[in-house]
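Examination of the molecular architecture
Each chain is listed here by its residues.
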Amino acid sequence: MSERSVQLDADYELMQRVSLDDESAVSELYDRFGPLVYRMAYQMMPTRADAEDAVQEIFVRLWRTAGRYDPKRAALVTWVMMLSRRILVDRL
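Overview of the structure. Everything numeric here is computed off the predicted structure, so don't read it as measured data.

Position of Gln7 relative to the elements: it lies in helix α1 (residues 3–19). Expressed as a C-alpha distance, the spacing of Gln7 and Ala74, which sit 67 residues apart in the sequence, is 12 Å. Here the side chain of Gln7 touches Asp11 through a polar contact of 2.7 Å, side chain to side chain.

Below, the structure is given as structure tokens:
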């Protein structure tokens, strides 16, 4: 099994755990992607407060839609960033 395949399986498992309201999985998701999502939000939003609110909204949406993640369509980082960008553009 390739390293990429193992990572995709781990990402899928993580998102399945998030969809089941596993607090440790939500924490792991935030630890992995929080800084990246915040950096994007901070660059796009007019204020720090707007960026922080946007990050919160993004992670709530990730939690609510976690069961829809399909590793065959995109890597988890790609999926997270596409959803983040969509939410940030909508907020602007």
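Moving on from the model shown.
Nonpolar side chains collect at one region of the surface, where Val26, Val60 and Trp63 lie side by side and expose about 220 Å² of accessible area between them. With respect to the secondary-structure elements, Val60 resides in helix α3 (residues 48–65). Given a relative accessible area of 31%, Val60 falls into the partly exposed group.

This paragraph deals with the packing of aromatic side chains. For any two aromatic rings, the description comes down to two numbers: the centre-to-centre distance and the angle of the planes. What the rule picks out here adds up to 3 aromatic pairs. Residues Tyr38 and Tyr42 carry aromatic rings whose centres are separated by 5.8 Å and whose planes lie at 25 degrees to one another, so their mutual orientation is stacked. In this pair, Tyr38 and Tyr42 are both assigned in helix α2 (residues 23–44), 4 residues apart and thus about one turn of the helix distant. Seen in terms of ring centroids, Tyr69 and Trp79 are 5.5 Å apart; in terms of plane orientation they differ by 55 degrees. Their pairing is tilted. One end of the pair, Tyr69, is in the loop between α3 and α4 (76–91); the other, Trp79, is in helix α4, and 10 residues separate them in sequence. By relative accessible area, Trp79 is classed as buried at 16%.

The next thing to look at is the nonpolar core. Judged by nonpolar contacts, the single largest core of 26 residues is most densely connected at Leu29 and Leu76. When residues of this core are traced back to their parent elements, those giving at least two are α1, α2, α3 and α4. The biggest single contributor to this core is α4, with 7 residues. Once residues within four sequence positions are removed from consideration, Leu29 is found in contact with Leu14, Met15, Val18, Gly34, Phe59, Leu62 and Leu76.

This next bit is on the packing of α2 against α4. Running from N to C, α2 and α4 point in directions that differ by 35 degrees, and their axes come no closer than 10 Å. As for the relative orientation of α2 and α4, their crossing is right-handed in sense. Every residue of α4 that contacts α2 at Leu29, Arg32, Phe33, Leu36, Val37, Met40, Ala41 and Met44 is listed here: Leu76, Val77, Val80, Met81, Ser84, Arg85, Leu88 and Val89. Looking at side-chain class alone, the contact of α2 with α4 contains 13 nonpolar, 1 polar and 2 charged residues.

Cut-offs used in this document
- Residues numbered from 1 in each chain as written.
- Predicted model: local features only at pLDDT ≥ 70, side-chain atom pairs only at ≥ 80, totals over all residues.
- Heavy atoms only, no water.
- Helix = DSSP H or I, 4+ residues; strand = E, 2+ residues; numbered from the N terminus.
- Polar contact = N/O pair within 3.5 Å; in protein donor to acceptor, adjacent residues only side chain to side chain.
- Patch = residues over 30% accessible without salt bridge, like charges linked within 9 Å, V, L, I, M, F, W, Y side chains within 5 Å.
- Areas by Shrake-Rupley, 256 points an atom, 1.4 Å probe, with all protein chains shown as cover.
- Salt bridge = Lys/Arg side-chain N within 4 Å of Asp/Glu carboxyl O.
- Buried < 20%, exposed > 50% of the residue type's maximum accessible area, 1.4 Å probe, protein only.
- Phe/Tyr/Trp six-rings, centres within 6.5 Å; stacked < 30°, edge-to-face > 60°.
- Core = buried A, V, L, I, M, F, W, Y, C linked by side-chain atoms within 4.5 Å.
- Contact = heavy atoms within 4.5 Å.
- Axes fitted to C-alpha atoms, helices over the stretch in contact; angles between N-to-C directions.
- Left-handed = near helix turned anticlockwise from the far one by under 90°.
- Nonpolar A, V, L, I, M, F, W, Y, C, P; charged D, E, K, R; others polar.

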